[in-house]
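What follows is each chain in one-letter form.
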Amino acid sequence: MPELPEVESVRRQLAPHVRGRTVVAVARDPYPARRLGDVERAVGGTVTDVARRGKFLLLPLAGTAPAHPSELVLHLGMSGILRVLDGDDPAGRVGGGGHVRVRLTLDDGRVLVLRDARRFGRVTVVDPGDHGAASPALAALGPEPLGPAFTVDHLARGLARSSAPVKARLLDQRLVAGVGNIYADESLWRAGIHPDARRVGRVRAARLHTAVRDVLAAAVEREGTTFRDYQLVNGQSGRYLTELDAYGRGGLPCRRCDGPLRTTTVAQRGTTFCPRCQRR
DNA sequence: CCGGGCCCCTGGATGC
DNA sequence: TGCATCCAGGGGCCCG
């Protein structure tokens, strides 16, 4: 389940493989059209950067036909994996057993492939910066949680403006970009806030702000959490799994108070929290 | 504009 | 053992 730390780790590994490379061919499998846009437009484009906003990867392309730049926008969904393989590697074949949905052949003979068993990923190519055409969610994204625009003030005001459960607010990409189910549970556990809390004042907002940043930064350092499908570009797993305090630990003892963690549903998502030390 | 609810998609786990 | 059912999840979309 790629969230900010996973996508950022993929970005860092991917960049040296593709920056400066030109896309010479594109192949795709019959993917649901609404999840796969005009990827053929990438042909002829040279990757000038590998950037990230929230859970989206952004690859600006110079020189795509007809002689103007464009931007490849990619979301890994829940099971998307990017690999850079040798051109003759059978694992990179579209329509083979590896769930390869999109294959970009690069000018060094290697191929960038998107594998996506559950088909929740999306890829398209749009005019540079025309993010709304790629995804309304991308265009409406809130600040990067590890950047300067994500302040205590921003979070506190955003939480005060709504009576939705605080976990639903953290998952809302318009308030803050890149937090998904795992790191929402982790941040709330660390801040001692009940996921269904609907009134989070300034003091608790400040605690949550610190928790979100600390959790995400620590997860980036460990290259993300591999729970099921997530892999890095080199095929390795993220190493944050053993650091998780809440997610996936329902019924196990809380690492802070030793009471059993409880699992419920908040905002249509599986939610694990400590009923003793996370307060409404 | 906002929030709630449902849908997409399929491998793996669980249940009978 | 084999089949059916359920569950996971982010974003799109519809509705009130």
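Here the structure is a predicted model, which means the values were calculated and not measured.

S.K.: Honestly, the protein's contact with DNA strand B in this entry has me stumped. Any pointers?
M.R.: Contacts to DNA strand B come from 11 residues, most closely from Arg34, Arg35, Ala117, Arg119 and Ser162. Here the atoms of DNA strand B within 4 Å of the protein split so that 66% fall in sugar or phosphate, with bases taking the remainder. In the environment of DNA strand B, a base oxygen lies 3.0 Å from a nitrogen or oxygen atom belonging to the side chain of Arg35. Between Arg118 and DNA strand B, the recorded distance is 3.2 Å, taken from a side-chain N or O atom to a sugar or linking oxygen. Within the surface near DNA strand B, the residues separate by chemical class into 3 nonpolar, 3 polar and 5 charged.

S.K.: Explain the pairing of strand 7 (residues 100–106) to me, please; I cannot follow it from the model alone.
M.R.: Residues in a regular strand project their side chains so that they alternate between the two faces of the sheet. The element strand 7 is largely enclosed, with a buried count of 7 among its 7 residues. One ladder, built from 5 bridges, connects strand 7 with strand 8 (residues 110–116); its direction is antiparallel. Paired with Thr105 across the two strands is Val111, which belongs to strand 8. If you look at the hairpin formed by strand 7 and strand 8, you'll find 3 residues sitting between the two strands, and Gly109 has a positive phi there, around 90°.

S.K.: Mind showing me how you'd approach the packing of helix 1 (residues 4–18) against helix 7 (residues 202–221) here?
M.R.: For any two helices packed against each other, one specifies the inter-axial angle together with the distance between the axes. Running from N to C, helix 1 and helix 7 point in directions that differ by 35°, and their axes come no closer than 9 Å. Considering the relative orientation of helix 1 and helix 7, their crossing is right-handed. Residues Leu4, Pro5, Glu8, Ser9 and Arg12 of helix 1 form the contact with helix 7, whose participating residues are Leu216, Ala219 and Val220. Partitioning the contact of helix 1 with helix 7 into residue classes produces 5 nonpolar, 1 polar and 2 charged.

Reading the values: rules and limits
- Residues numbered from 1 in each chain as written.
- Chains lettered and ligands numbered in written order.
- Predicted model: local features only at pLDDT ≥ 70, side-chain atom pairs only at ≥ 80, totals over all residues.
- Heavy atoms only, no water.
- Near = heavy atom within 4 Å.
- Polar contact = N/O pair within 3.5 Å; in protein donor to acceptor, adjacent residues only side chain to side chain.
- Nonpolar A, V, L, I, M, F, W, Y, C, P; charged D, E, K, R; others polar.
- Buried < 20%, exposed > 50% of the residue type's maximum accessible area, 1.4 Å probe, protein only.
- Helix = DSSP H or I, 4+ residues; strand = E, 2+ residues; numbered from the N terminus.
- Pairing = 2+ DSSP bridges.
- Axes fitted to C-alpha atoms, helices over the stretch in contact; angles between N-to-C directions.
- Left-handed = near helix turned anticlockwise from the far one by under 90°.
- Contact = heavy atoms within 4.5 Å.

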